[in-house]
Amino acid sequence: MKNSFVIILLISILLVSGCAGRLTKQDIETVKVVAIENTFLDFPTFTVIGTTVFNNDHGLIKDKSFKNYITQTTKNILKRKGYKVVIQKDEKAVPADIHLKIIPSKIHDMIGTFGYGVHEKSAYSINVNTFGYIALNLQANIKGEIKGHSHSTKTSDLVISDLPESWLSLSRGDRISTRNALKRIIILALKESIEAIGL
C-alpha cells in the first residue's frame, strides 16, 4: 500500500513537471510573431488586511493604465528581442507563431493579493507592512498546446504611514510614488518571466 502511494506520487510529479518550464530550442527557432493576451483584471487591488476580517478593506485602483502598462511592457521587451508582436484582445486567436498568455496569480499565503495592487497588513490599527505587488503566470502556447510557463512574484515596500480606504484618498505624492513602484516591479516580473520561459 505504501509503495503504491509513492509510485502514484512520483507519477503525479512527473506529469505536472512534464508540461512546465522553458520552451525548447526547436520551439524558439520557429518563433517570429508573438501574440500577447493579457488576462489581468482592468484595475489593481487596493487592500488593507486588519487584525480580524471585520477590519479588512478591499478596493480597486480605478486606473486602466496599469493593465495597459503590463501589455505594453511585454510588447516592448519582446520587440527588443527581435520578435514581431501582436495584441490578442479576446479569446479569438490571432495569427502568430506563439501565444503568450499573461495570467494573474496570488502571493502564496497572503490574503487579498491577486494579480497586482497595493496591500497593507495592519494589526490593532497599526501599520505592519505596506507594499505594492505583482504576481503573474506566463503561459506559452504553440498550435493550441502549452509548451512552457513561468511564474513571477515581485513586491516593493511603500512608505505610506497610514493607508486610507481608497486610492483617491492618497496624497498626490503617494499616488505618484506608488505608481512608479508598481511600474518598476511590473518590468522586473515580466523580464523574469519571459527569460524563464526561454524567449
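Residues numbered from 1 in each chain as written. Predicted model: local features only at pLDDT ≥ 70, side-chain atom pairs only at ≥ 80, totals over all residues. Heavy atoms only, no water.

J.: So what about the overall build of the chain? Which residues, and what values?
T.: Helices and strands together make up the secondary structure of the chain, namely four helices and eight strands. Ordering the α and β elements of the chain from the N terminus gives α-α-β-β-β-α-β-β-β-β-β-α. Across the 199 residues in the chain, those meeting the buried criterion constitute 40%. By sequence separation, contacts in the chain at least 24 residues apart represent 68% of the contacts at least 6 residues apart. As displayed, the chain has an accessible area near 11,600 Å², and 57% of this comes from carbon and sulfur atoms. (Helix = DSSP H or I, 4+ residues; strand = E, 2+ residues; numbered from the N terminus. Buried < 20%, exposed > 50% of the residue type's maximum accessible area, 1.4 Å probe, protein only. Contact = heavy atoms within 4.5 Å. Areas by Shrake-Rupley, 256 points an atom, 1.4 Å probe, with all protein chains shown as cover.)

J.: Outline the nonpolar core, supporting the account with residue identities and numerical values.
T.: Formed by 36 residues in total, the largest nonpolar core has its most connected members in Ile-70, Leu-78, Leu-100, Ile-134 and Leu-199. If you list the elements that add at least two residues to this core, you get strand 1 (33-38), helix 3 (65-80), strand 5 (98-104), strand 6 (116-123), strand 7 (126-142) and helix 4 (172-197). If you tally residues by element for this core, the top one is helix 4, at eight residues. Residues in contact with Leu-100, not counting those within four places in the same chain, are Val-34, Ala-35, Ile-36, Glu-37, Leu-78, Leu-138, Gln-139, Ala-140, Ile-197 and Leu-199. (Core = buried A, V, L, I, M, F, W, Y, C linked by side-chain atoms within 4.5 Å.)

J.: Tell me about the pattern of salt bridges, and please be specific about residues and values.
T.: Here the structure, examined in full by the defined rule, presents six salt bridges. Residue Asp-42 pairs with Lys-64 through a salt bridge whose shortest N-O separation is 3.9 Å. Residue Asp-42 is found in the loop between strand 1 and strand 2 (45-49), and its partner Lys-64 is found in the loop between strand 3 (57-60) and helix 3; the two are separated by 22 residues along the sequence. A residue is classified by how much of its surface remains accessible, and Asp-42, at 34% relative accessible area, is partly exposed. Residue class for Lys-64 comes out partly exposed when judged on its relative accessible area of 46%. For Lys-147, the salt bridge is made with Glu-145, and the minimal N-O distance between the two is 3.9 Å. For Lys-147, a relative accessible area of 28% gives the class partly exposed. When its relative accessible area of 46% is taken as the criterion, Glu-145 is described as partly exposed. (Salt bridge = Lys/Arg side-chain N within 4 Å of Asp/Glu carboxyl O.)

J.: With reference to specific residues and values, describe helix 3.
T.: For an α-helix the count is 3.6 residues per turn, leaving residues at separations of three or four pointing the same way. Across its 16 residues, helix 3 extends 22 Å between first and last C-alpha, which sits within 8% of the 22 Å expected from 1.5 Å per residue. Taken together, the buried positions of helix 3 are occupied by Phe-66, Lys-67, Ile-70, Thr-71, Thr-73, Thr-74, Ile-77 and Leu-78. Take helix 3 and look down its axis: the buried residues cluster within an arc of 160°, on one side only. Backbone geometry just downstream of helix 3 places Gly-82 in the positive-phi region, at approximately 100°. (Expected span 1.5 Å × (residues − 1). Arc of directions from axis to C-beta.)

J.: Just give me the short version of helix 4, but keep the residues and values in it.
T.: Over its 26 residues, helix 4 runs 37 Å from end to end, which matches the ideal 38 Å to within 8%, given 1.5 Å per residue. Those residues of helix 4 not exposed but buried are Thr-178, Ala-181, Leu-182, Ile-185, Ile-186, Ala-189, Leu-190, Ser-193, Ile-194 and Ile-197. Two residues or fewer after helix 4 comes Gly-198, characterised by a positive phi angle close to 105°.

J.: Could you give an account of the packing of helix 3 against helix 4, with specific residues and numbers?
T.: In the contact formed by helix 3 and helix 4, the axes pass within 10 Å of each other and the chain directions differ by 40°. When the interaxial angle is binned, helix 3 and helix 4 end up oblique. As for how helix 3 packs across helix 4, the hand of that crossing is right-handed. Only Arg-179, Leu-182, Lys-183, Ile-186, Ile-187, Leu-190, Lys-191 and Ile-194 of helix 4 make contact with helix 3, whose side of the interface consists of Phe-66, Tyr-69, Ile-70, Thr-73, Thr-74, Ile-77 and Leu-78. (Axes fitted to C-alpha atoms, helices over the stretch in contact; angles between N-to-C directions. Parallel < 35°, antiparallel > 145°, perpendicular 65-115°, else oblique. Left-handed = near helix turned anticlockwise from the far one by under 90°.)

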